[in-house]
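Breakdown of the fold
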Amino acid sequence: MTNASYPSPKEWDRLVRGKNVSRRSMLKGSAAAGAVVAGSSFLAACGSDDTEAGTEGGGSIEPGNASGALTIGSNLSDDTPKAALAAVVAAFPNSDVELSINTTDHNTFQENINTILQAGEDDVLTWFAGFRNKFFADQGLLGDISDVWSSISGLGEGFKAASTASDGKQYFVPAFYYTWAINNSKKLWSEKGYTEPKTWDELLGLADDMAAGGITPFAMANDGKWPQMGMFDILNMRTNGYDFHVDLMGGTESWTDDRVRQVFTNWEQLLPYSQEGGNGRTWQEAATDMENGTVGMYLLGTFAASNSDAMAEDMDFFNFPEIDSAIGSSALDAPIDGYQMVASPANAEAAKEFLLYISTAEAQDAYLGVDPSVVASNSGADTSVYNDLQRKSADLANAATGIAQFLDRDTIPDFASACGDVIAEFIEDPSKIDGLLADLDEKKTAIFADFGSS
Amino acid sequence: MLTTKRNQYLAQGFLLVFSLLWVFPIVGMVLSAFRPYAETSNNPRGFFSWPETITLDNFRNALEQGEMVQHWIVTFAVVIPAMTLTLFLSSMVAFSVSRYSWRFNIALLMLFTAGNLLPPQSIIQPLFQIYNRIPIPEIPFISESGQLRGSLIGLILIHVAFQSGFCTFVLSNYMKTLPKELNEAAMVDGAGVWRQYWQIVMPLTRPALAALATLEFAWIYNDYFWAVVLVQQGDDLPITSSLRNLSGEFFTDDNLIAAGSLIVVLPTVLIYLVLRRQFISGLAVGAQK
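A quick note: this is a predicted structure, and the numbers were derived from the prediction, not measured.

The rules behind the values
Residues numbered from 1 in each chain as written. Chains lettered and ligands numbered in written order. Predicted model: local features only at pLDDT ≥ 70, side-chain atom pairs only at ≥ 80, totals over all residues. Heavy atoms only, no water. Axes fitted to C-alpha atoms, helices over the stretch in contact; angles between N-to-C directions. Helix = DSSP H or I, 4+ residues; strand = E, 2+ residues; numbered from the N terminus. Left-handed = near helix turned anticlockwise from the far one by under 90°. Nonpolar A, V, L, I, M, F, W, Y, C, P; charged D, E, K, R; others polar. Contact = heavy atoms within 4.5 Å. Pairing = 2+ DSSP bridges. Buried area = accessible area lost by both parts, 1.4 Å probe. Salt bridge = Lys/Arg side-chain N within 4 Å of Asp/Glu carboxyl O.

Considering the packing of helix α4 (residues 68-99) of chain B against helix α7 (residues 152-176) of chain B
Two numbers describe a pair of packed helices, the interaxial angle and the distance between the axes. Residue and element names in this part refer to chain B. One way to put it is that α4 packs onto α7 with a least axis distance of 6 Å and a crossing angle of 35 degrees. Like other packed secondary-structure pairs, α4 and α7 cross with a definite hand, here right-handed. Across the contact of α4 with α7, the residue classes break down as 19 nonpolar, nine polar and two charged.

Some thoughts on the side chain of A:Ser163
The topology assignment puts A:Ser163 in the loop between α7 (157-161) and β4 (173-177). Not counting residues up to four positions away in its chain, the partners in contact with A:Ser163 are A:Asn133, A:Trp149, A:Lys169, A:Gln170, A:Tyr171, A:Phe172 and A:Pro174.

Focus on the sheet that holds strand β5 (residues 180-185) of chain A
All names here are of chain A. With mixed pairing, four strands are arranged side by side in an open sheet as β6-β7-β5-β8. One side of each edge strand has no neighbouring strand; the edge strands of this open sheet are β6 (216-218) and β8 (315-318). Sheet twist, expressed as the mean angle between neighbouring strand axes with direction ignored, is 30 degrees. Bridge count for β5 against strand β7 (residues 295-301) is four bridges, and the pairing is antiparallel. Counted as the bridge partner of Ile-182 is Leu-299 from β7. Together, β5, β6 and β7 form the strand contacts of helix α9 (residues 200-212), whose direction differs from that of β6 by roughly 155 degrees. The strands touched by helix α13 (residues 283-291) are β5, β7 and β8; relative to β7, the strand with the most contacts, the crossing angle is about 140 degrees.

Quick notes on the interface of chain A and chain B
Often, the extent of an interface is quoted as the loss of accessible area upon association of its parts. With 28 residues of chain A at the contact, the number on the chain B side is 28 residues. Summing both sides of the interface, chain A and chain B together bury roughly 2300 Å²; the carbon and sulfur share of this comes to 42%. When the area that chain A buries against chain B is broken down by residue, the three leading residues are A:Gln118, A:Glu121 and A:Gln284, summing to 20%. A salt bridge links B:Arg149 to A:Glu121; its shortest N-O distance comes to 2.7 Å.

Right, dumping it as structure tokens:
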């Protein structure tokens, strides 16, 4: 249970600087690219089967050599992402590789990832960065792709950290991400003359203004018990900082700590300004309320814009304001999606070549050309086609000193659902929080002990 | 006289209230299936508002987005053999335990009945591992993975295994009610065991078979659990997976799901309507002895 795989603030800082690394055309000469991160100690022992002779570290991938069939198991079952992946696959430059996509709806895929990995029918699978990837890598269900990483360029250290498991090897290639922030309606805000709050006091002041004007300040949806996890994440990162958040998720901090209690004390201040009965409201219902101008602010991922075309036009967002000036406001949730390889793929050579391709600006441009709701991970991707929301998301993530993946991706799945239960009960009745946190801390001990021994 | 009349009113009132309670959500679902998402989501009264637009778009989209035709083919390729095989095999067991007295009759029947009580979830992990280790020839569509796991054959087999317990139980109870003299007479006329089973007992068991066929069709058709664990190819999943396909990663159109559910439930309703008479007479199966 080390936190080695999380991008630390320093690493994200380097990610920002990674933007200066000039974009290389991955599909032509990769020997030079191989040297970019080859000096990293991560790559000392790689031991992959198709190590190329003559390259530093664990070897690199020489595109164009692979052939044969390759299956991509995909959870991109919604129409737009599905079409976007098809466009990526169609643009794969090596025509000797026969690519096929096996799409399973994302819920089924997620619930069955264990059997999917054990069956090993697909070579490459769509998945999530960070803990969720590490979890399976540590169980030996994923293939080491450190050699792919030695050929990757344009992905910062933060992305690399989010792709690294406990053994220091990489098991994931990030493709795109989206950000969580406070969304608002441009129309309503310009009508009422609201301005972006920069501090906690300004946020509460704005909420008072809204309440006085008959508008519910905060939308609250929690159907499925995940939307409010985002609120916990951001309040914890603002109150206690990114490092504490990562340690708390990693099981090394106590939930009965005063700092955790403070998060809920802060949250309690927001509850009177929030919509009531949040646990029964879907995020779409709350988004519709925002669209109709009955609520003023809505903390959610930028996917909120997908609620309707009108919403996509009218939506804007801003970073959650700072609570403690010593901590600032530069950490946020920005879940990264990407690809991983099964432990023993039928066609490892093609799988690695595809994974390398996925990391390139070319592949990501192809994806974003169809699905403009996310932001590319490669710094060389074409940002000129970004819409306002994408540009703002990219700026926010680039300026961030700490990026979390979202509560249900940052910790053991069982523990994440225990947290979800506590949050749901808290918003129902905040007075119960002390007992809830004590229980949660006991659960944490049990769940993390099981996890450590397995 | 007066009290019986009052009781009748009370009973009718009670039934009326409860049937309305039952019908209410179904009517709501049918109505919302015909309405565009924007209409119910933007209306402050939501699903309780009066419909303004009636459209078949949701049904069209559900068919398309859920790739329902493709998944229906898979479903029927599983349901029909599984149902036929289950009824065939369990009627044979039922025939032998009801017609012949054998030492292990009761034990065998208990074994089959006990199998019913076993929750399928409890054996899924070993079953998955076993399936993962049994190679079978690769046949397009039927078994593309080259293993029992991921093949339609594997899915059919597990349905047969799990459903035959209940069917054996019901069929043997039914066959016990048929007069033994029929078999004796047939035997005197020189009919062998097979002939007694196929030409004497089976035709008489038809009501029970029809009732079971309706139930089995619905159960196997509605299966999601086995399919999802044992099949890895998204295209090889049965129709129940289509409904999940209709909810987006973040965005879910409830009206679309309502329309999808109505489409998916259609075959079960049709089968019930076709076999309704047998189903009702079969309901009393094994009730009197």
